[in-house]
Amino acid sequence: MRSLWGWLGIAGAIVVVDQITKWLVDQSLPLGASVVVTSFFDLVNVRNTGAAFSILADAAGWQRGMFIAIAVVASAWIVWTLARLQGQRLFATALTLILGGAIGNLIDRVLWGAVIDFLHFHWHGSYFPAFNVADSAITCGAILAVLDGILQAQRSRAEAAGGRGS
């Protein structure tokens, strides 16, 4: 089992990779620029003042403070939860990925007022919103959290079924 410091180290590594990749893109591409990498993937340099999928991006600016507050509260709750997890490695991994991503995007919101996005996938005229390393970590963490919930439910059902036969 990893200690809290181990989980925080992993989250910190995610933050570092996220911030380095954003810095590299920001130094290499002018804001709004796009470079075709493959027929389905471009590197871009865009800013997202909203949340996932640019939700609330067109709001009047109040969303920045709200997203910062949400990230701070969520990060504190995650650290508190990680400190109390005993033997729940999959759930701790999920929370660690979410924590690293949340802090990576929090840094952008505090420093720049928007999140730097640069990975842009598209297919036959359909475009997925641009995203970054932090967004990827949050998404992977959310998927792992759902998977952990499914596995926990299956274990509970199996234990309940096994208990009825005794």
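All values derive from a computational prediction rather than experimental measurement. (Residues numbered from 1 in each chain as written. Predicted model: local features only at pLDDT ≥ 70, side-chain atom pairs only at ≥ 80, totals over all residues. Heavy atoms only, no water.)

A short note on the pattern of salt bridges
Inference 1: In total, this model carries three salt bridges according to the counting rule given.
Inference 2: A salt bridge links Lys22 to Asp108, with the nearest nitrogen and oxygen atoms 2.8 Å apart. Remark: Asp108 occurs in helix α3 (residues 89-112) and Lys22 occurs in helix α1 (residues 4-28); sequence separation between them is 86 residues. For the pair Lys22 and Asp108, a shared accessibility class is recorded, and that class is buried.
Inference 3: The salt bridge involving Asp26 is made with Arg47; its shortest N-O contact spans 2.5 Å. Of this pair, Asp26 sits in helix α1 while Arg47 sits in strand β2 (residues 41-48), and the two are 21 residues apart along the sequence.
Inference 4: Shared partners join several salt bridges into a network, and the residues in it are Asp18, Lys22 and Asp108. (Salt bridge = Lys/Arg side-chain N within 4 Å of Asp/Glu carboxyl O. Helix = DSSP H or I, 4+ residues; strand = E, 2+ residues; numbered from the N terminus. Buried < 20%, exposed > 50% of the residue type's maximum accessible area, 1.4 Å probe, protein only.)

Quick notes on a nonpolar patch on the surface
Inference 1: Taken together, the side chains of Val16, Ile20, Trp23 and Leu24 present a nonpolar region at the surface, about 410 Å² in accessible area.
Inference 2: Its location among the elements puts Leu24 in helix α1.
Inference 3: Judged by its relative accessible area of 43%, Leu24 is partly exposed. (Patch = residues over 30% accessible without salt bridge, like charges linked within 9 Å, V, L, I, M, F, W, Y side chains within 5 Å. Areas by Shrake-Rupley, 256 points an atom, 1.4 Å probe, with all protein chains shown as cover.)

Topic: the nonpolar core
Inference 1: In terms of nonpolar packing, the biggest core is built from nine residues, these being Trp7, Ala11, Ile78, Leu82, Leu85, Phe91, Ala92, Leu95 and Leu99.
Inference 2: Every element with two or more residues in this core is listed here: α1, α2 (62-84) and α3.
Inference 3: Filtering out sequence-adjacent residues up to four positions away, Ala92 remains in contact with Trp7, Leu82 and Leu85.
Inference 4: Ala33, Phe118, Leu119 and Phe131 belong to the second largest nonpolar core, which has seven residues in total. (Core = buried A, V, L, I, M, F, W, Y, C linked by side-chain atoms within 4.5 Å. Contact = heavy atoms within 4.5 Å.)

Some words on α3
Inference 1: The end-to-end C-alpha separation of α3 is 34 Å, in line with the 34 Å expected for 24 residues at 1.5 Å each.
Inference 2: Just downstream of α3, Gly113 is the residue with a positive phi angle, here 80°. (Expected span 1.5 Å × (residues − 1).)

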